[in-house]
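Observations on the three-dimensional arrangement
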Amino acid sequence: MSATRALRQLTAVSSRVVAKPASRSLPLRMSMTAWRYPRLSCATTRAFSLSSARFSEGSTDVLLSQKLAEELKYEKEAADESEPEFLKTFKQQGIWKIEDIEGNDEVTLTRKFGNESIRVMFSIADIQNAEEPEFGQEEESDSEETENVRSYPIRVSFSITKEHAQGSINVDTMCQDGAFIVDNISYYPDAQLGSELTAEADWKRRGLYIGPQFETLDVSVQEEFEKFLQERGINEHLALFIPDYSELKEQKEYVRWLENVKKFVDCLSPVALTST
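Residues numbered from 1 in each chain as written. Predicted model: local features only at pLDDT ≥ 70, side-chain atom pairs only at ≥ 80, totals over all residues. Heavy atoms only, no water.

**Observations concerning the packing of aromatic side chains**
What characterises a pair of aromatic rings is the spacing of the ring centres plus the angle enclosed by the ring planes. What the rule picks out here adds up to seven aromatic pairs. Ring geometry for F225 and F228: centres 6.4 Å apart, planes at 85°, overall edge-to-face. Remark: F228 and F225 occur in helix α11 (residues 219-231); sequence separation between them is three residues, near one turn of the helix. A centroid spacing of 5.5 Å and a plane angle of 25° characterise the contact between F241 and Y245, whose relative ring orientation is stacked. Placement of the pair is F241 and Y245 together in helix α12 (residues 236-266), with a separation of four residues, close to one helical turn. Each member of the pair, F241 together with Y245, is buried. (Phe/Tyr/Trp six-rings, centres within 6.5 Å; stacked < 30°, edge-to-face > 60°. Helix = DSSP H or I, 4+ residues; strand = E, 2+ residues; numbered from the N terminus. Buried < 20%, exposed > 50% of the residue type's maximum accessible area, 1.4 Å probe, protein only.)

Structure follows, in structure tokens:
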């Protein structure tokens, strides 16, 4: 998630802990909606005058729709529609191809290296599931908070296959602070099994030996493996790109989620349609 949204959520959580339930105040941008968004305020007034039947069957639909609209408007105003510089630079290098399907939480990067096909897979779910700072830790400086938000560890998997060769090598890593920390390196005699993302393939892989823990290998072997990966573009530049892109995609998916949920809540029921 974006640093701004994460800090807003942290502030909201702190307010809920300190304030009494009966007098809990809303975040500043919520309570100041009327003067910040005059058009939205007018729409809110009109919405209250309508019957709840206009919004499906629930009596809370109007309020939920309002809050979703406020959040959506805030996120769109805070967003920069232009392509980020880090993404422009990454594309201009022409090394990796980005495969990003709208609505999916997984992203794939692919490239060719000689007779090898290399695929990188990571998920924005790791950002969503990252632990938030405990209450009381927000006394750190703003710069430190922002840095912590952007240092979420992200699990990244690499699959390497060769033309006219059986098998594949899979590398499981953790990406954080501009580096890949290798967990283990697996070899699968069936290249398709090692690269497929289906549930059936995942089930089959669970019963196979995934290789030793990387840190238990001889130091010289570890060093040569690291050189092996570096030569294929699995380096610091890629480790810096993945968290930035994950954050960018998560923010886009969040805005899309707000839009879709609001459309669903606002959808008129057949009864409401006939009555109007």
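**Thoughts on the confidence of the model for the chain**
Predicted confidence across the chain gives a mean pLDDT of 77, with 65% of residues reaching 70 or more. Here helix α2 (residues 28-31) stands out as the least confident element of the chain, with mean pLDDT 37; α11 is the most confident, with 97. Ignoring residues within four places in sequence, the model shows residues 14-53, a span with pLDDT below 50, making 35 contacts including any to other chains. (pLDDT = per-residue confidence, 0-100. Contact = heavy atoms within 4.5 Å.)

**Focus: helix α5 (residues 61-78)**
Compared with the 26 Å implied by 1.5 Å per residue over 18 residues, the 26 Å span of α5 between its first and last C-alpha is a close match. The set of residues buried in α5 consists of D61, V62, S65, Q66, L68, A69, E70, E71, L72, Y74 and E75. (Expected span 1.5 Å × (residues − 1).)

**Brief notes about the packing of α5 against α12**
Helix packing for two helices is described by the angle between their axes and how far apart those axes are. Where α5 meets α12, the closest approach of the two axes is 9 Å, and the angle between their N-to-C directions is 155°. In terms of orientation, α5 and α12 fall into the roughly antiparallel class. Of the two elements, α5 crosses α12, and the hand of that crossing is left-handed. Across the interface between the two elements, D61, L64, S65, L68, A69, E71, L72, E75 and K76 from α5 touch Q251, Y254, V255, L258, E259, V261, K262, V265 and D266 from α12. Class assignment for the residues of the contact of α5 with α12 results in nine nonpolar, two polar and seven charged. (Axes fitted to C-alpha atoms, helices over the stretch in contact; angles between N-to-C directions. Parallel < 35°, antiparallel > 145°, perpendicular 65-115°, else oblique. Left-handed = near helix turned anticlockwise from the far one by under 90°. Nonpolar A, V, L, I, M, F, W, Y, C, P; charged D, E, K, R; others polar.)

**Brief notes about the sheet that holds strand β3 (residues 116-123)**
On the basis of which strands lie adjacent, the open sheet formed by six strands has the order β1-β2-β3-β4-β5-β6 and antiparallel pairing. Two strands close off the open sheet at either side, each with one partner strand: β1 (97-100) and β6 (179-188). Averaged over all neighbouring strand pairs, the angle between strand axes comes to 20°, with direction disregarded. Inspection of the sheet shows strand β5 (residues 168-176) paired to β6 by nine bridges, in the antiparallel sense. In the strand pairing of β6, V171 is matched with I185. (Pairing = 2+ DSSP bridges.)

**Topic: the environment of E99**
With respect to the helices and strands, E99 occurs in strand β1. Residue E99 is classed as partly exposed on the basis of its relative accessible area, which comes to 36%. Setting aside its immediate chain neighbours within four residues, E99 contacts V107, T108 and T110.

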